[in-house]
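# Fold and geometry: a report
Chain by chain, the residues run as shown.
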Number of protein chains: 2
Amino acid sequence: MADTKVHRASTFAPVNIAVIKYWGKRDPSLNLPTNSSLSVTLSQSDLRTHTTASCSPSFPSDSLTLNGASQDISGARTQACLSELRSLRRSLEQSDPSLPRLSEQKLKIVSRNNFPTAAGLASSAAGFAALVRSIADLYALPSSPTELSRIARQGSGSACRSLFGGYVAWEMGSEADGSDSVAVEVAPASQWPGMRAVILVASAEKKDVSSTAGMQATVKTSSLFKQRVETVVPARMKEMEKAVQKKDFEAFAGLTMRDSNSFHACCLDTEPPIFYMNDASRAAVRVVDRINEAAGRKVAAYTFDAGPNAVVYYEEKDEGLVAGVFKSILGKVEGWEGEKGAAVKEAQVPGGTEAAVEKLRMGISRVILTGVGEGPIKTEEMLIDEKGETI
Amino acid sequence: MADTKVHRASTFAPVNIAVIKYWGKRDPSLNLPTNSSLSVTLSQSDLRTHTTASCSPSFPSDSLTLNGASQDISGARTQACLSELRSLRRSLEQSDPSLPRLSEQKLKIVSRNNFPTAAGLASSAAGFAALVRSIADLYALPSSPTELSRIARQGSGSACRSLFGGYVAWEMGSEADGSDSVAVEVAPASQWPGMRAVILVASAEKKDVSSTAGMQATVKTSSLFKQRVETVVPARMKEMEKAVQKKDFEAFAGLTMRDSNSFHACCLDTEPPIFYMNDASRAAVRVVDRINEAAGRKVAAYTFDAGPNAVVYYEEKDEGLVAGVFKSILGKVEGWEGEKGAAVKEAQVPGGTEAAVEKLRMGISRVILTGVGEGPIKTEEMLIDEKGETI
């Protein structure tokens with residue numbers, strides 16, 4: 001009787017939100033970036049992907065299901081991840097013939113997000129990190145998170161940073177084959193655990209330009225971009241690593257806001273221009289600026305990815321000054337109902353924000369309260385049963 | 001009996017809208033720019049300032065009235081213009097003692113715009129150009145427009161370009177005293193008379209940051225700005241002069257849009273970021289991009305000054321393709337009721353613009369149809385009578 005055993009492994013993987021932004025590929029097929037970047041990994045109790053990878057001789061073909069919907073995995077990016085992982089498994093099998101030949105079996109992968117996909121919440125980063133981590137566990141690969149980050153990067157650039165918790169740098173590297181374009185830990189979450197974030201989710205509006213297409217256009221047409229990648233970001237990376245090491249929130253905040261603006265400036269300098277921020281995003285900028293002015297120091301830092309959502313970082317001790325103001329403004333939208341939301345005390349909205357407050361109320365449909373968190377976590381909660389059926 | 005004669009001179013002066021933008025002062029007190037710029041002077045039948053300058057021994061003090069309201073002229077900028085002009089008059093009087101001693105008399109200046117002031121329509125450019133030109137005429141100065149542009153520049157940088165009609169460059173110059181920071185004609189209106197513009201006036205929203213304050217902040221804090229002024233603009237100035245000489249609208253349009261975006265990118269890269277464009281502005285960008293795509297060539301070019309209004313340039317022969325689309329979208333707002341507006345044929349709105357059309361209808365309150373026009377024009381229509389009274 002043939003072997004029909006179903007091997008399984010399950011992982012939770014986090015979202016990360018960059019504070020020094022990744023924008024631009026020097027090699028699109030390998031997802032090699034034009035500059036290094038740095039992110040904060042967010043807590044998985046709020047945002048995470050749960051993925052079970054399984055393989056069995058009885059599976060007819062590789063498959064991936066996300067939130068119940070079958071996904072196309074024939075794309076070069078997913079294929080690159082699968083074939084790299086299989087090849088690592090094959091090496092193990094070759095050096096130890098007692099191991100089952102999992103590399104020859106088809107994979108069945110089932111994934112679920114605990115948040116709405118494609119709401120501009122970096123779901124592809126968590127998705128590819130979970131995919132790579134769960135298959136690596138399934139294959140019992142001895143690879144380090146940094147080694148796996150090289151693989152996840154090929155699926156989605158920013159996914160490489162979701163292999164770690166805490167504060168994570170993606171070093172751009174210089175090798176043509178991308179072997180040194182990997183993620184490394186700058187500091188674990190435990191070193192600066194008080195980092196919090198409130199995410200202001202903008203009312204759904206279809207994104208004009210995908211990140212991949214947008215990046216290519218910027219690299220090709222922006223005349224300011226070269227300055228950003230060659231001069232501006234390298235200096236900021238060093239300063240940001242220092243700010244994280246020293247837990248210097250004011251430095252962290254200044255760099256975070258400047259770099260978000262620099263990234264969106266390069267989008268605007270693209271031909272045709274790319275706009276990810278809308279009037280609600282600009283209102284969030286204005287309110288954060290006024291919160292900081294009123295506090296007399298930088299207590300909040302906004303950053304925007306390739307979409308209108310604002311991610312506002314702050315320190316736990318300043319929750320009232322930051323999340324409290326947004327609760328006063330947006331207390332009626334979804335997201336405050338849990339324990340964390342209830343604990344936030346409403347605070348006075350700084351003056352000079354009347355127009356911004358109105359724009360936020362019109363344009364923000366939900367908030368998510370979160371904070372710095374851990375890297376991928378192995379779990380026994382399986383999304384595929386012992387027979388290979390989706391649970 | 002003492003001489004009480006009232007000497008008078010009157011001028012109409014035009015607005016200009018830059019296609020290579022002025023943003024940044026290397027010397028704030030002399031209004032010396034960080035880069036050269038280039039503009040199109042707009043027709044005075046649509047937008048102009050009418051100014052009468054007068055002097056008389058009976059006037060008690062210098063005064064300036066704009067649209068019926070008395071203006072403060074004690075500021076350094078206005079004073080610089082007045083004292084430079086007086087000093088030129090004094091030289092004339094010294095070399096020809098038969099001339100009346102107008103330089104010793106007080107000035108009374110009355111000014112009226114045929115368009116709403118401070119709607120972000122470059123009113124200060126027309127205003128200072130009219131002020132300088134009318135006083136120069138009053139004083140019978142032999143100065144050339146370029147010589148007068150050096151004076152007007154000190155009142156408001158972009159005013160120097162309104163001393164000429166047609167296509168005008170403001171050469172940044174290199175002298176510390178600003179003596180070579182002047183406007184020159186690139187081409188007269190008659191050389192490329194078919195240039196038209198439709199201005200989409202955004203619903204009044206108070207400007208966040210004045211141009212002067214904004215420029216200073218950009219120069220001081222933007223890390224991309226240096227690239228713009230040292231590399232990007234010098235190359236574009238040459239290309240734009242060539243495009244105007246060759247009447248190459250496609251080249252003109254590409255440069256115009258890229259440079260507007262580059263300027264606003266530097267505003268966004270400022271700390272704190274400056275936003276002049278709003279959702280309606282971005283909608284105008286989107287519609288122009290789609291008009292060009294649908295036409296298969298660049299028939300329209302948007303540009304935005306320090307405010308949300310879109311100025312869309314096009315050639316007369318393409319009126320239907322450009323103004324026609326905006327008439328279909330915005331036919332109900334003010335501005336189409338005249339002969340020019342009635343002559344515009346509504347045209348089909350290109351697809352993929354549904355959201356943009358809605359944003360334009362919500363955010364644009366008025367259109368102005370105009371085109372390239374002449375420089376300041378001397379007129380006998382006086383705003384001050386022979387007795388020195390405002391008419």
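Keep in mind that this is a model prediction, so the values were computed, not measured.

Across all of its chains, the model carries 1 cavity of 30 Å³ or more by this definition. Taken as a whole, the largest cavity holds about 180 Å³ of empty space. The wall of the largest cavity is formed by 15 residues, among which Leu268(A), Phe275(A), Leu268(B), Phe275(B) and Arg282(B) lie closest to the centre. Elements supplying a minimum of two residues to the lining of the largest cavity: helix H6 (249–268) of chain A together with helix H6 (249–268) of chain B. The element that contributes the greatest number of residues to the lining of the largest cavity is H6(A), accounting for 3 residues. Class assignment of the residues belonging to the lining of the largest cavity gives a composition of 11 nonpolar, 2 polar and 2 charged.

All names here are of chain A. For tyrosine 167, the location among the structural elements is in strand S10 (residues 167–171). Taking the C-alpha atoms as reference points, tyrosine 167 and glutamate 185, 18 residues apart in sequence, are found 6.2 Å from one another. Ignoring sequence-local partners within four residues, the contact set of tyrosine 167 consists of Ser39, Val40, Val184, Glu185, Val186, Ala187, Pro188, Ala189, Trp192, Met195, Val244 and Val372. Polar side-chain contacts of tyrosine 167 include one of 2.7 Å to the backbone oxygen of tryptophan 192.

A complete count under the given rule lists 34 salt bridges over all chains for this structure. One continuous salt-bridge network, built from bridges that share partners, spans Asp279(A), Arg282(A), Asp279(B) and Arg282(B).

Counting residues at the interface gives 31 residues for chain B, matched by 31 residues for chain A. Taking both partners together, chain B and chain A bury about 2500 Å²; carbon and sulfur atoms supply 56% of that area. Counting the surface chain B buries against chain A, the share from its top three residues, Leu224(B), Leu268(B) and Arg282(B), is 22%. For the pair chain B and chain A, the interface holds 4 salt bridges.

Here we come to helix H10 (residues 354–363) of chain B. Residues and elements named next belong to chain B. Listed in full, the buried residues belonging to H10 are Ala356, Val357, Leu360 and Gly363. Projected down its long axis, H10 carries its buried residues within an arc of 145°, all on one side. In H10, those exposed residues whose orientation departs by more than 90 degrees from the buried face are Glu354, Glu358, Arg361 and Met362. Those residues of H10 hidden inside the fold are in contact with strand S12 (195–202), helix H7 (279–295), helix H8 (319–330) and strand S15 (364–371).

With an RMSD of 0.0 Å, the fit of chain B onto chain A corresponds to turning through 180° and sliding 0.0 Å along the axis. The two molecules are tied by a two-fold rotation axis, judged by turn and shift. Identified as the residue of chain B closest to the rotation axis by C-alpha distance is Ala265(B), at 2.1 Å. Counting the interface residues of chain B, we find that 100% of their copies in chain A are interface residues as well, pointing to one common contact surface.

Residue and element names in this part refer to chain B. Spatial strand order, S2-S5-S10-S11: 4 strands in an open sheet with antiparallel pairing. Two strands in the sheet have a free side with no partner beyond their single neighbour: strand S2 (16–20) and strand S11 (182–187). Going from strand to strand, the sheet's axes swing by 35° on average, the running direction of each strand aside. Note: strand S10 (residues 167–171) against S11, 5 bridges, orientation antiparallel.

Attention shifts here to the sheet that holds strand S11 (residues 182–187) of chain A. All names here are of chain A. Strand order in the open sheet formed by 4 strands is S2-S5-S10-S11, with antiparallel pairing between adjacent strands. Every other strand in the sheet has two partners, leaving strand S2 (16–20) and S11 as the edge strands with one partner each. Mean inter-strand twist for the sheet, computed between neighbouring axes without regard to direction, equals 35°. Bridge count between strand S5 (residues 37–41) and S10: 4 bridges; the pairing is antiparallel. Paired with serine 37 across the strands is tryptophan 170, a residue of S10. The sheet contacts of helix H5 (residues 225–245) involve S2, S5, S10 and S11, and relative to S2 the element is tilted by about 115°. Sheet contacts for H6: S2 and S5; angle to S2, the most-contacted strand, approximately 95°.

The next subject is the state of the cysteines. All names here are of chain A. With the rule as written, the count across this model stands at 0 disulfides over all chains. You can see cysteine 160 has no disulfide; the closest cysteine sulfur is in cysteine 81, sitting 11 Å from it. Since its relative accessible area comes to 0%, cysteine 160 is described here as buried.

So, on to the side chain of Thr34(A). Residues and elements named next belong to chain A. As for its placement among the helices and strands, threonine 34 is situated in the loop between strand S4 (32–33) and S5. Among the residues examined, threonine 34 registers a relative accessible area of 14% and is labelled buried. Reaching out from threonine 34, the side chain makes a polar contact with the side chain of asparagine 35 at a distance of 3.2 Å. Apart from residues no more than four positions distant in its own chain, threonine 34 is found in contact with Trp23, Gly24, Lys25, Arg26, Met172, Val219, Phe225 and Val229.

Okay, the environment of Gly388(A) next. Residue and element names in this part refer to chain A. With respect to the helices, strands and loops of the structure, glycine 388 is situated in the segment after strand S16 (377–379). In this structure, the C-alpha to C-alpha distance between glycine 388 and serine 54, residues 334 residues apart in sequence, is 7.4 Å. In contact with glycine 388, other than residues within four places in its own chain, are Val6, Phe59 and Lys108.

Attention shifts here to the nonpolar core. Grouped together as the largest cluster of nonpolar side chains are 234 residues, with contacts concentrated most on Phe252(A), Tyr313(A), Phe326(A), Phe252(B), Tyr313(B) and Phe326(B). Setting aside residues up to four positions removed in sequence, Phe252(A) forms contacts with Val19(A), Val40(A), Trp192(A), Met195(A), Met240(A), Ala243(A), Val244(A) and Tyr313(A).

In this section: the confidence of the model for chain A. Overall, the prediction assigns chain A a mean pLDDT of 95, with 96% of residues at 70 or greater. This prediction of the complex comes with two scores: 0.93 for pTM and 0.90 for ipTM.

Okay, the packing of aromatic side chains next. Enumeration over the complete set of coordinates arrives at 17 aromatic pairs over all chains. Each member of the aromatic cluster is reached from another via a ring pair, and the members are Tyr167(A), Trp192(A), Phe249(A), Phe252(A) and Tyr313(A). Over the face of the ring belonging to Phe12(A) we find Arg48(A), whose NZ or CZ atom lies 4.0 Å from the ring centre. Sitting over the ring of Phe275(B), Arg282(A) keeps its end group 5.5 Å from the ring centre.

Here is what the cut-offs are and how they apply
Residues numbered from 1 in each chain as written. Chains lettered and ligands numbered in written order. Predicted model: local features only at pLDDT ≥ 70, side-chain atom pairs only at ≥ 80, totals over all residues. Heavy atoms only, no water. 1 Å grid on protein atoms, 1.4 Å probe; cavity = no way out; pocket = protein on both sides within 12 Å on 5 of 7 lines; lining within 4 Å. Points joined across faces, edges and corners; volume = space filled by probe spheres on them. Helix = DSSP H or I, 4+ residues; strand = E, 2+ residues; numbered from the N terminus. Nonpolar A, V, L, I, M, F, W, Y, C, P; charged D, E, K, R; others polar. Contact = heavy atoms within 4.5 Å. Polar contact = N/O pair within 3.5 Å; in protein donor to acceptor, adjacent residues only side chain to side chain. Salt bridge = Lys/Arg side-chain N within 4 Å of Asp/Glu carboxyl O. Buried area = accessible area lost by both parts, 1.4 Å probe. Buried < 20%, exposed > 50% of the residue type's maximum accessible area, 1.4 Å probe, protein only. Arc of directions from axis to C-beta. Least-squares fit on C-alpha atoms with pLDDT ≥ 70 in both. Pairing = 2+ DSSP bridges. Axes fitted to C-alpha atoms, helices over the stretch in contact; angles between N-to-C directions. Disulfide = S-S within 2.5 Å. Core = buried A, V, L, I, M, F, W, Y, C linked by side-chain atoms within 4.5 Å. pLDDT = per-residue confidence, 0-100. Phe/Tyr/Trp six-rings, centres within 6.5 Å; stacked < 30°, edge-to-face > 60°. Lys NZ or Arg CZ within 6 Å of the ring centre and 35° of its normal.

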